[in-house]
Amino acid sequence: MLKISLIVVGEKMPQWVVQGYRAYAKRIRGRVQLNLIEVPAIRRGKNADLGSIVRLEERKILDRLPKKARVIALDRGGKSYSTMAFSEKMKRWLERGEPVALVVGGPEGLSAGFINNADESWSLSALTLAHPLVRVVVAEQLYRCFSILEGIPYHR
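These lines cover the structure that appears in this document, whether it is placed above or below. Note that the coordinates shown come from a computational prediction; the quantities given were computed from them, not determined experimentally.

### Observations concerning the pairing of strand E2 (residues 32-39)
Next up, step 1: Alignment of strand E1 (residues 2-9) against E2, held across eight bridges, turns out to be parallel. Within the sheet, the bridge partner assigned to Lys3 lies in E2 and is Gln33.
Next up, step 2: Taking the sense of rotation as the criterion, the β-α-β connection linking E1, helix H1 (residues 15-25) and E2 turns out right-handed.

### Things to note about helix H3 (residues 83-96)
Next up, step 1: With 14 residues, H3 should cover 20 Å at 1.5 Å per step; its first-to-last C-alpha distance of 20 Å lies within 8% of that length.
Next up, step 2: Three or more residues of H3 are buried, namely Thr83, Phe86, Ser87, Lys89, Met90, Trp93 and Leu94. End-on view of H3: buried residues confined to an arc of 155 degrees, all on one side of the axis. In this structure, H3 carries Glu95 and Arg96 as exposed residues pointing more than 90 degrees from its buried face.
Next up, step 3: Elements in contact with the buried residues of H3: E1, E2, strand E3 (70-79), strand E4 (100-104), strand E5 (120-122) and helix H5 (131-150).

### Focus on the pattern of salt bridges
Next up, step 1: As enumerated under the stated definition, the model contains eight salt bridges in all.
Next up, step 2: Residue Glu120 pairs with Lys89 through a salt bridge whose shortest N-O separation is 3.3 Å. Of the two residues, Glu120 is situated in strand E5 and Lys89 in helix H3; the sequence distance between them amounts to 31 residues. Pair check on accessibility: Glu120 and Lys89 agree, each one buried.

Procedures and definitions
Residues numbered from 1 in each chain as written. Predicted model: local features only at pLDDT ≥ 70, side-chain atom pairs only at ≥ 80, totals over all residues. Heavy atoms only, no water. Pairing = 2+ DSSP bridges. Helix = DSSP H or I, 4+ residues; strand = E, 2+ residues; numbered from the N terminus. Right-handed = clockwise from strand over helix to strand, strands pointing away. Expected span 1.5 Å × (residues − 1). Buried < 20%, exposed > 50% of the residue type's maximum accessible area, 1.4 Å probe, protein only. Arc of directions from axis to C-beta. Contact = heavy atoms within 4.5 Å. Salt bridge = Lys/Arg side-chain N within 4 Å of Asp/Glu carboxyl O.

Structure representation (structure tokens):
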């Protein structure tokens, strides 16, 4: 079974985010298991040192990474994939059986050091997406790729 962890900074999302994420995550069954891991965001005050906050949040992320997971940092500057190309990546993950961790930073994103140390970096879009929306988009795309691999007529 392929275990995919979506590790995100932030908790207490609006209900539409929770519902949207769950709607797609619950459709993924059988050979793939999607697990949401929320890392508490550090409060950002008026004069906050954002670099220090990002590093502290990344330490929390590292503590939550599954052992031996392939780490994929989600970043606007990462590599873009078509749905079909991404489903081929998922197919290879299934064949290898290695756990995968998709990591989403806080409002400032992930540091260059974290991104450089990840196994790869993936861009959802050149557009800047609202932070909560990323959970829904990732879950939907994972389900879409899963449906392609399983022959479910969702992807057309």
